[in-house]
Amino acid sequence: MIFKDMEEVRRHLKIGILLPCYFIGGADDQRKRTILNKIVSLAIEGGTGFDSHRFSGNTSADTVADAAFEITFGGGRRCVVCEDLPFGSMGENEYKKFDQLITEVSQLGGSTVLVFFFAATDTEAKAKSKAAVKKNYIESLKKVIDKNGGGVIKCETPTPAELCTLIEKTCSKYKCSIHRDLCSYMIERCGNDSALLMNEARKVAEYKGEGIISKADIDLMTCATPDAKVFDLSAKIAAKDRSGAFAVLSDLREMGEPAPLILNILSTAYIDMFRAKSARSCGKTKNDIASDWPKSYPKPRQFLIDKALTAQSRYSAKSLLLCLDIILDAEQRMKSTGGNDELILEETVAKLFSVK
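Procedures and definitions
Residues numbered from 1 in each chain as written. Predicted model: local features only at pLDDT ≥ 70, side-chain atom pairs only at ≥ 80, totals over all residues. Heavy atoms only, no water. Buried < 20%, exposed > 50% of the residue type's maximum accessible area, 1.4 Å probe, protein only. Helix = DSSP H or I, 4+ residues; strand = E, 2+ residues; numbered from the N terminus. Pairing = 2+ DSSP bridges. Axes fitted to C-alpha atoms, helices over the stretch in contact; angles between N-to-C directions. Contact = heavy atoms within 4.5 Å. Parallel < 35°, antiparallel > 145°, perpendicular 65-115°, else oblique. Left-handed = near helix turned anticlockwise from the far one by under 90°. Nonpolar A, V, L, I, M, F, W, Y, C, P; charged D, E, K, R; others polar. Salt bridge = Lys/Arg side-chain N within 4 Å of Asp/Glu carboxyl O. Expected span 1.5 Å × (residues − 1). Arc of directions from axis to C-beta. Core = buried A, V, L, I, M, F, W, Y, C linked by side-chain atoms within 4.5 Å.

Asks: It is not clear to me how the pairing of strand β1 (residues 21-25) should be interpreted in this structure. Could you clarify?
Replies: Looking along a regular strand, one sees the side chains alternate between the two faces of the sheet. With 5 of its 5 residues buried, β1 lies for the most part within the structure. Residues of β1 alternate between two faces, with Cys21, Phe23 and Gly25 on one and Tyr22 and Ile24 on the opposite face, all of them buried. As paired strands, β1 and strand β4 (residues 112-117) are joined by 4 bridges and run parallel to one another. Bridge assignment links Phe23 to a residue of β4, and that residue is Phe116.

Asks: Please clarify how the sheet that holds β4 should be interpreted in this entry.
Replies: Hydrogen bonding along the main chain pairs the strands of a sheet, whether they run parallel or antiparallel. A sheet is described by the order of its strands in space; here 5 strands give the open sequence β2-β3-β4-β1-β5, paired in parallel fashion. Strands with a single pairing partner mark the edges of an open sheet, and in this sheet they are β2 (52-56) and β5 (151-154). This sheet shows a mean twist of 15° between the axes of neighbouring strands, independent of strand direction. Relative to strand β3 (residues 78-83), β2 runs parallel, the two sharing 5 bridges. Across the sheet, residue Ser56 finds its bridge partner in β3, namely Glu83. Running at roughly 145° to β4, helix α4 (residues 92-106) makes contact with β1 and β4 of the sheet.

Asks: Please clarify how the packing of helix α8 (residues 180-190) against helix α9 (residues 194-208) should be interpreted in this entry.
Replies: A pair of packed helices is captured by two measures, namely the crossing angle of their axes and the spacing between those axes. At their nearest, the axes of α8 and α9 sit 11 Å apart, and the two run at 120° to each other. Between α8 and α9, the angle falls in the class oblique. For α8 against α9, the interelement crossing comes out right-handed. On α9, the residues that touch Met186, Ile187 and Cys190 of α8 are Leu196, Leu197, Glu200, Ala201 and Val204. In terms of residue class, the contact of α8 with α9 is built from 7 nonpolar, no polar and 1 charged.

Asks: What exactly am I supposed to notice about the side chain of Gln312 here?
Replies: Here Gln312 lies in the loop between α15 (303-311) and α16 (317-336). Of the residues examined, Gln312 reaches a relative accessible area of 4% and is grouped as buried. In this structure, Gln312 is in contact with Met273, Ala276, Lys277 and Arg280, ignoring residues within four places of it in sequence.

Asks: Any chance you could explain the pattern of salt bridges here in plain terms?
Replies: Opposite charge on two side chains makes pairing possible when the charged atoms of those side chains draw close. Counted under the stated rule, the structure contains 23 salt bridges. Across the salt bridge formed by Lys203 and Glu200, the nearest N and O atoms sit 3.1 Å from each other. Taken together, the residues Lys203 and Glu200, both in helix α9 and 3 residues apart, mark about one turn of the helix. Classification of Lys203 as partly exposed rests on a relative accessible area of 22%. For Lys208, the salt bridge identified is with Asp217, shortest N-O distance 3.2 Å. The class for Lys208 is partly exposed, based on a relative accessible area of 30%.

Asks: How should helix α12 (residues 242-254) be read in this particular structure?
Replies: Quick reminder: α-helices carry 3.6 residues per turn. Residues three or four places apart thus point the same way. Over its 13 residues, α12 extends 19 Å from the first C-alpha to the last, a length consistent with the 18 Å expected when each residue adds 1.5 Å. Burial in α12 covers these residues: Gly244, Ala245, Val248, Leu249 and Leu252. Relative to the axis of α12, the buried residues are bounded by an arc of 145° and lie together on one face. Exposed and facing more than 90 degrees away from the buried side of α12 are Ser243 and Glu254. Of the surrounding secondary structure, the elements contacted by the buried residues of α12 are α11 (226-238), α13 (259-281) and α17 (341-354). Following α12 by one or two positions, Gly256 adopts a phi angle in the positive range, close to 80°.

Asks: Any chance you could explain the pairing of β4 here in plain terms?
Replies: Buried residues dominate β4, accounting for 6 of its 6 residues. Residue alternation in β4 divides its side chains into two sets, Thr112, Leu114 and Phe116 and Val113, Val115 and Phe117, and both sets are buried. Pairing analysis gives 6 bridges linking β3 to β4, with the strands arranged parallel. Counterpart to Glu83 in the pairing with β4 is Phe117.

Asks: Is there a simple way to think about the nonpolar core in this case?
Replies: Nonpolar side chains in soluble globular proteins generally cluster together in the buried interior. Core analysis: the largest hydrophobic core is formed by 40 residues, its most contacted members being Leu233, Ile237, Leu266, Tyr270, Tyr315, Leu345 and Leu352. For this core, the secondary structure elements donating two or more residues are α11, α12, α13, α14 (286-292), α15, α16 and α17. Considering each element in turn, this core owes the most residues, 10 residues, to α13. Non-local contacts of Leu352, meaning those with residues more than four positions away in its chain, are made with Ile237, Lys240, Leu266, Tyr270, Cys323, Ile326 and Ile327.

All we've got here are geometric facts, nothing functional implied.
Laid out in C-alpha cells, this is it:
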C-alpha cells in the first residue's frame, strides 16, 4: 500500500501489524528515522539483537537474502534494514534479484520484515537523474513493494502548521507553553527541519523551566540560520538601522558565512520585495505570488511572501530596481575582479543605505 499521509502511517504503526516490506524515503530526516525505529522495535519485540540486520551502501542482494532467510536465535521475527542501496547505478540482473527477494519475503507470512531506507535526502534524486539513461529502479522498487503487500512511505517536509504543532508539543513536555505566532517566528528563524526545530524548542523550554515562552527567550537560546540573519540584515537596511545592519554582518562573519553567499541571500530578499511590489501594484494576493513562483515559495517558506509584502512598502519600484542593480554590480565584482569579497559586501550594504 502507498501511505497517503503521516496520519495514515501513525494509525498503521499504532495498530502494530507490520507489513512484510517497506520503502521509507523523502526529505524529512527526523520523521524517517522515527518511523524506521518504530518498525524495527515492533519487528523484533521480544527477540534478540541478533534478529536485526542493517546494511548500507553497495550491498548485494545475495547478502541481504542470507540475512532475510536465516534462522532467528529467539525464534521470533527477523528485521533487515537496507540503507541507501545504490539503485541508481545498479545493474539489471542485480535489481532483478532484489525484485525476487521482495516477492519471496512477502510469502514468508510475516517472519521477516524487510525495509529499504533512504537516509540521504539526495539519494533518490541521484537515482532518478541517472535513470535518464537507464531504467528507474527506485520507482520500480516502490511498485514491486506495493504489489507484494508492502508499504511505501514518503516523509516530505511538514507544513508550517504541522511544524508549529511539533514545537508546541515539544515545549509542553517541559511544562512550557508557546503562542502559535512565536512558533512561526521560530520556524522563520531556525528553518523548517523538524529534527532541528525539536532540538531548538527543547533548548528554549529547558531554559525557561516553566511558563509562557517569549520572543526574547527564543532569540537568546536558538541559533538563527544564515538565511534568517541575512533577511534580518535587509530589514535593518530598510529601517535605516546602520549599527544594527553592521552588527548582523559581524554575526554572519562569526558564523563563518562567506561574503558571496550572504550577497546571494540578500539579493533574494530584494527580489522578494520587488515581486511583492509588482504584485501589489496589479492587485495580486499572497496566493497569486506563491502560484506564480512555486519553486521560490513552497509552503514551508511562504512566510517570505508575508515579509516581502510588509517590507516593500518602504520602497518605490524604482528604488528596488536600484538596489538590485547595486547587488548585481557587487556580484560581478566578486566574480571578476579578485578583490576583497568582505570589503565589497560592506560597500554594498553602505550603498543600499543611500537608496531612498
